[in-house]
Amino acid sequence: MIAYALGNKLYLNITNRCTNKCSFCIRNQGPGVGGYYLWLDEEPTTQEVIEAIGDPSEYEEVVFCGYGEPLLRIHTVLEVAKYVKGFNVPVRIDTNGQANLAHGENIVPELEGLVDTISISLNAENSAKYDQICSSEFGEEAFEALLEFTRECKKYIPNVILSVVDIPEIDVEKCRAIAEDLGVDFRVRAYIK
Ligand code: SF4
């Protein structure tokens, strides 16, 4: 499934690749969410994603999210976001915040004017714990990189959110303090078992 509706929002599943292996990842629990099967046989082309969306006008938001890290496909995200914004529908990206590490350059300025909200998974209060929980292919470097990514997002994207999943290993209040320090919103998501 490439595009699927949950409530009034349309979610886009454009890749199953990810630079993390989070212990709490919903992909460990089953093949999808909301009854939708989200393992892709192959990644859809930009045109296939646009065709799967059709007319997005009826949705309150279009969200790039899992089953994987959408910003690994930055060019597809940019093209599809441009298409959605053509209908005046808000765009959100859910990301692990490692895109600049993965691409070896700062991709955030390219999102300006195309993305209304970005929700970045903070997942832990320090780099050692992040590494323990998320096993990034970039090791402990990933945590500082996601904080730097968040600072960049603040310059170009109207709504920036840091989020955590409510698992016992993390100190939610310390994570909240990090978000406050960076001047961004903070959300706690329920752990789905
Ligand atoms: S960053 Fe998201 S998709 Fe990637 S492993 Fe973690 S929870 Fe799963």
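Residues numbered from 1 in each chain as written. Predicted model: local features only at pLDDT ≥ 70, side-chain atom pairs only at ≥ 80, totals over all residues. Heavy atoms only, no water.

Novice: Mind laying out the packing of aromatic side chains, listing which residues take part and the relevant values?
Specialist: Scanning all chains against the criterion turns up five aromatic pairs. Seen from their ring centres, Tyr4 and Tyr11 are 5.7 Å apart, and the 20° between their planes marks the pair as stacked. Considered together, Tyr4 and Tyr11 belong to a single accessibility category, that of buried residues. Centre to centre, the rings of Trp39 and Tyr67 are 5.1 Å apart; their planes meet at 70°, and the pair counts as edge-to-face. Placement of the pair is Trp39 in the loop between strand S4 (36-37) and helix H1 (46-53) and Tyr67 in the loop between strand S5 (61-64) and helix H2 (74-85), with a sequence separation of 28 residues. (Phe/Tyr/Trp six-rings, centres within 6.5 Å; stacked < 30°, edge-to-face > 60°. Buried < 20%, exposed > 50% of the residue type's maximum accessible area, 1.4 Å probe, protein only. Helix = DSSP H or I, 4+ residues; strand = E, 2+ residues; numbered from the N terminus.)

Novice: Describe helix H5 (residues 141-156), with residues and values.
Specialist: Look at H5: 23 Å from first C-alpha to last across 16 residues, which is about the 22 Å you get at 1.5 Å a residue. Residues Ala142, Phe143, Ala145, Leu146, Leu147, Phe149, Thr150, Glu152 and Cys153 constitute the buried set of H5. (Expected span 1.5 Å × (residues − 1).)

Novice: Lay out the environment of Lys129 with the relevant residues and their values.
Specialist: With respect to the helices and strands, Lys129 occurs in helix H4 (residues 127-134). Taking C-alpha positions, Lys129 is 16 Å from Gly97, a pair spaced 32 residues apart along the chain. Look past the residues within four positions of Lys129 in its chain and what remains in contact with it is Ala124, Glu169, Ile170 and Asp171. (Contact = heavy atoms within 4.5 Å.)

Note that all results are geometric; they support no functional claim without further evidence.
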